Structure formats: structure tokens, C-alpha cells
Amino acid sequence: MCGIVGYIGDKNCVPILIEGLKRLEYRGYDSAGVGIINSTECKVLKTKGKVSELEKLVFAEQIDSGLGIGHTRWATHGEPSTINAHPHLNKDKTLFLIHNGIIENYLSLKKGLEKEGYEFISETDTEVLAHLIDHYLKLKNSLFQAVRYALNEVEGTYGICVIYNGEKDKIVAARKGSPLVLGIGNNENFVASDVNALIAHTKQVVYLEDGEIAEIYKDHFTTKTIADETIIKEIFEVEVGVDEITKGGYPHFMLKEIMDQPDSIFNSMRGRLVYDEGISKLGGLQGFEERIINSKRILITACGTSWHAGLVGEYMLEQYAGIPVEVEYASEFRYRHPIITKDDTVIFISQSGETADTLAAMKEAKKKGALCLGICNVVGSSIARESDAGVYIHAGPEIGVASTKAFTAQISVLALITLLLARRRNLSLPEGQEIINEMRLLTKKVEMILKQNENIEKIAGQYMNCKNFLYLGRGYNFPVALEGALKLKEISYIHAEGYPAAEMKHGPIALIDDDMPVVFIATKDSVYDKVISNIQEVRARKGRILAIVNEGDEQIENMVDHVIKVPKTHNMLTPILTVIPLQLIAYHIAVKKGLNVDQPRNLAKSVTVE
Ligand code: G6P
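What comes next concerns the included structure.

Calculation rules
Residues numbered from 1 in each chain as written. Predicted model: local features only at pLDDT ≥ 70, side-chain atom pairs only at ≥ 80, totals over all residues. Heavy atoms only, no water. Salt bridge = Lys/Arg side-chain N within 4 Å of Asp/Glu carboxyl O. Buried < 20%, exposed > 50% of the residue type's maximum accessible area, 1.4 Å probe, protein only. Pairing = 2+ DSSP bridges. Helix = DSSP H or I, 4+ residues; strand = E, 2+ residues; numbered from the N terminus. Contact = heavy atoms within 4.5 Å. Axes fitted to C-alpha atoms, helices over the stretch in contact; angles between N-to-C directions. Phe/Tyr/Trp six-rings, centres within 6.5 Å; stacked < 30°, edge-to-face > 60°. Lys NZ or Arg CZ within 6 Å of the ring centre and 35° of its normal.

## Let's talk about the pattern of salt bridges
Alright, step 1. Within this structure, the stated rule accounts for 33 salt bridges.
Alright, step 2. A salt bridge links Glu167 to Lys170, with the nearest nitrogen and oxygen atoms 2.4 Å apart. Across the pair, Lys170 and Glu167 agree in class, each one buried.
Alright, step 3. The closest approach of N and O atoms between Glu557 and Lys565, which form a salt bridge, is 2.7 Å.
Alright, step 4. Of the residues examined, Glu557 reaches a relative accessible area of 33% and is grouped as partly exposed.
Alright, step 5. Overall, Lys565 belongs to the partly exposed group, its relative accessible area being 22%.

Structural data, given as C-alpha cells:
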């Protein structure tokens, strides 16, 4: 979703903005632009399409300036076009605004401004805000105050940056609901929608909170609330290195991230397993364990892949910790007036920690007094900061839009939480130790699956022209079926559905013929025999079958067209292994179809608007 980057300092901002926008490309976007102000001119350059197109435009102009802002837009109001791209301007073309979020009351604000003679050239909500700031600028004669007054009238969400020819010594930035982070340099300062755009320049960052406005000068910054009260912000040091946000020799971030999984899974567990006690140690939950253990119910809420991880969490927590669990889409949770009490623990799972629906669901649960726990990857993200407690998954930056290593690390952390709660309730020491042993073996087992990449690529080649897929699994592998189908949809644009295998008989079986491949996730667990019956039912209807099975399973191998074998593990950890071949199948099919794997059409890495 929209990317923001801003620079003020002695260097030429142009290459810094372009490089920053490239680092934000992974968020998903459809147009890009920069606004630059120097001593002689104010210039806005925008284009539909890629940052590389913008780069050509900008470098052709040979502009040199120490003040500029850049933006990648993910269209909400108005189609992707040069006119709708940001920055948006005031009439005099002296004030430039970039925005991430949605101004919900933009139509009523627009009507008021039209009455005053303001004219609009784009279809966007953002242009309304640019003119509203201009309106207050004329009244207040201060960019900061103009932004503050304008934002007081805005309903909706925003992360914005504004620059103005009349006050060339600053960038004004404000946030409500859409992330913004300041980067503190030496005689230069930065602002961006996420730290990836900054870390090549500085590791010192300041996270803006909702309702805060910053004035960023080249050698200092000040922060106030939207009510004009001064606030002192803490400076944090980020640990992410530039090498972590490059492809490291792989053709795509997605492949790098799939291949990273032995490390990311290991990192998610590192220092958290206490073998002697058969338990896990989670510093982020310290002081909250009793309340979680005594919860009457655990709710898990999330979106997309994180929601699938939540489903795995439900199975684990109910089976081993014996606490009732419900899993819900954050987008539904926030609007359906759920019954939440102080006795509930609500877990919010989000790779980015910025998903608007998940963040809003958390605010709702907090209001109702529930204990709110975050499971996030991005350190310092909004959900991580605003939850009562939580656990980082430590998977490292995930850049590919289709989530892979975050999913397996999320499941690993859910297993750690399950182990902690289960041991404090009924799980025996040997059972706890068995889980720890299996967790420790995961890294090796994941490596064994990744070694089959070439074979998996060949199998992918045999399915790449299919138009529809069905993914079926039961128990712990049902969420994996959903996740496998989602991966394929996201990056190969092939229609795919995930279903509980037994539900097939209640509808999807009607779709099965020799054109409809069925992917079974059929590991040796308590429902293995039942899944075999489901496989027979598909065979009887001439469906092509690809099955993910355990090593040594010859029974299924003899029944289906292709198998990919994964090592056996503890049943609750199975999804960590079975999902990996499905990630690779989706990846290879998309590559073979010549698609943009890392930035699939229409998708955003982090959905920061509703
Ligand atoms: C977007 C991404 C998905 C992701 C989902 C939730 O839709 O494209 O890959 O699973 O958001 O993101 P989160 O950061 O909250 O896990």
C-alpha cells in the first residue's frame, strides 16, 4: 500500500527519494511521484506505473535539491493515472502533499472548498486535503498550523507529508492510522512509511503515533499532538541491515524468503525453549501469563495468511492448552459488535503489524477490556506497540507480497505459546519435551524439503496451464490447504480454493474432472485413512492429484499422479512442513507464467486502509 519517503538535508534528495521508493515497491503500488522544492523552483513529477519510469523522468530533469517528498500510490479513490498520482498540489503549485490512507469525509470537505472557489483536477480524496491545507495556510500563515487545522476536520486515516515553497526549511508529517517513521541523520533527516526506506541512511528512528504531527528540519525535529501540545519522542535504533532487504542472489524476494525458512524458523524459537522444564520462555508475555492461562476464551484475529496461521493456532491451543479458541477475520470482528469481556485474551497476528483492519479490531478489543496480545514480525510496528504484550516472530524482513516465511514463523510462535500455556495447565513434562525435540528438528526437516526444489519445479511445470485448483486437507492441514490456495491465487492469478477434505462431498466434488487438479495434504495423522477415502473419491472422477505426503508413504504414492514428500513431525508442527512445497509450487507456476512474483497485480504487502 502507498509508500512515503521524504528528505531534508544538504544532499540532493533526488537519488535518495528514488532509492527509498524502490525499497518501498514491495508494498504494492500502481503509480509514483516526487515533489521537490529548491531555491528556484517547485517541481512535481508523476507517472502511472513503475518507479523505474519515474526515475527516468526525474533524472532527465537534472534537479538538485535538499528538500523533497516521494510517493508510491495504491489506488483507492480514482483509477491509477498520472493525474491521480501523488503529490497533490495547491492551486499556486507551491504546496505538495503525499498521503497514505483514506479521507472518509472528502466529499463534504470538497463541497465546502468548491464554494470557496477551489477547483479539483483529480478524483482523489488526497487532493481535497491539499486544498484544505492551502485554505488554512492563507488564514494561519504557518504550514504547521495549516496542517493541524486541516487535519482537525478530517475523518479517516492518514500518514501524510507536506512541503511548501513558503517554508523551505521543513517537512510537516502527521499520522493517524497509517504508519510514519522519522529517520534521524547527521545534518539530514528523513521520513518514511516504513523503515526499509531509511535504513541505508540511518538506524536512528522515531515512530510517530496516531494524532501526532512532526516538523522535520534538517538538523532537528519537533513533535506535537494534533491538539497543539508538545511531546518528546524517544529515538530507537533499528536492527535491520540493508543485506536483509536485498535479494541476496535470488531472482525474487519470494524465493529468497522461502529458502530463508530454516533460519527464520530457528530465529523464531531462538532462546525460547527450556528443555529441562519442557516449556517455552516468552519475555514479551512476562507478567501476563496468569491472565492468559485463566482466560475463559482466546480469540485470534488477523487477515490473509496471518489468519490462516491463526486457524492452526486454534487447533493447537484447544488440543494442548485446553482453552476454547475462536478465530475471526479482523475485518469482520471490528464491525459485528462481538461479545468481548475482560476475561478474554485476544491475539492479533500480523506480519507487518500495520494492517488497518487488525489494528482497528485491536482498538475495539482494548476498549472492551480484553487482554490484547500481538504476534508481529515488524519490530516497532503499530500493533506491536499498541498491544498489552506480545511475541515477535523474528522472521526478518519479508518483502515478497505473498507471505511465506512469516507464516511458518507465526505458527512456530503459536506453538511456543501453546507449549507455555499447555505446560502450565495439563501437558506432562515428557510431552512438553517431545514438542521441544521436534521443534529443534524443524530446521533440518525444512532443509530436506527445500532440497527438493528442482523436482517441485518440474511438477509445477506439469500443472502451470490449469485454470482451477482445489486444495484439500483435514485437521492441522486444513489451514494449509487454504494457505496453499491463497499462495497460488495471489501470485499466479489461477483460481484456487481450499477446503476441508471431507467437505468436498458437499459441493466442490461437482467441479472435479480431468481439468481440475486436486492438491491433497495427506500426512500420516489421525485422519489419514479418511483422507485416503477422499483421494479415492477424486480418482473415481478422473481428477489429477498432487499429494503432499510423509516420507515412506507408498500407499498414496501409488494412488496419485505426483507426490512431494515431507518428513514426519509432531502433529501440531505439521503445517510448518507441509506448506513449504505449496509455496514452491505457487512460486514456480507464477515464474513459468512470466508473472511479477514479488509484486503481484492489485495486491499490497501491508493493507493500511480498510
Ligand atoms: C495483505 C498481504 C498478505 C497478508 C495480509 C495480512 O493482504 O498481501 O500477504 O497476509 O495482508 O498482513 P499482515 O501484515 O497483517 O500479516
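## Let's talk about the sheet that holds strand β12 (residues 212-216)
Alright, step 1. Across the sheet, seven strands lie side by side as β5-β6-β7-β8-β12-β13-β14; this open sheet has antiparallel pairing. Each edge of the open sheet is held by one strand with a lone partner, namely β5 (88-89) and β14 (230-231).
Alright, step 2. Bridging between β5 and strand β6 (residues 95-100) involves two bridges; their strand directions are antiparallel. Residue His88 lies in a different strand from β6, and its bridge partner there is Leu97.
Alright, step 3. Relative to β6, helix α4 (residues 126-140) is tilted by about 135 degrees, and along the sheet it contacts β5, β6 and β7 (158-164).

## Description of the packing of aromatic side chains
Alright, step 1. Enumeration according to the criterion identifies seven aromatic pairs in this entry.
Alright, step 2. Ring plane angle 35 degrees and centroid distance 6.2 Å describe the contact between Phe469 and Tyr471, whose orientation is recorded as tilted. For the pair Phe469 and Tyr471, a shared accessibility class is recorded, and that class is buried.
Alright, step 3. An aromatic cluster is defined as three or more aromatic residues linked by ring pairs; in this entry it consists of Tyr463, Phe469 and Tyr471.
Alright, step 4. Its guanidinium or amino end placed over the ring of Phe120, Lys110 lies 5.2 Å from that ring's centre, counting from NZ or CZ.
Alright, step 5. In this structure, Lys140 packs its charged tip against the face of Tyr149, placed 4.2 Å from the ring centre.

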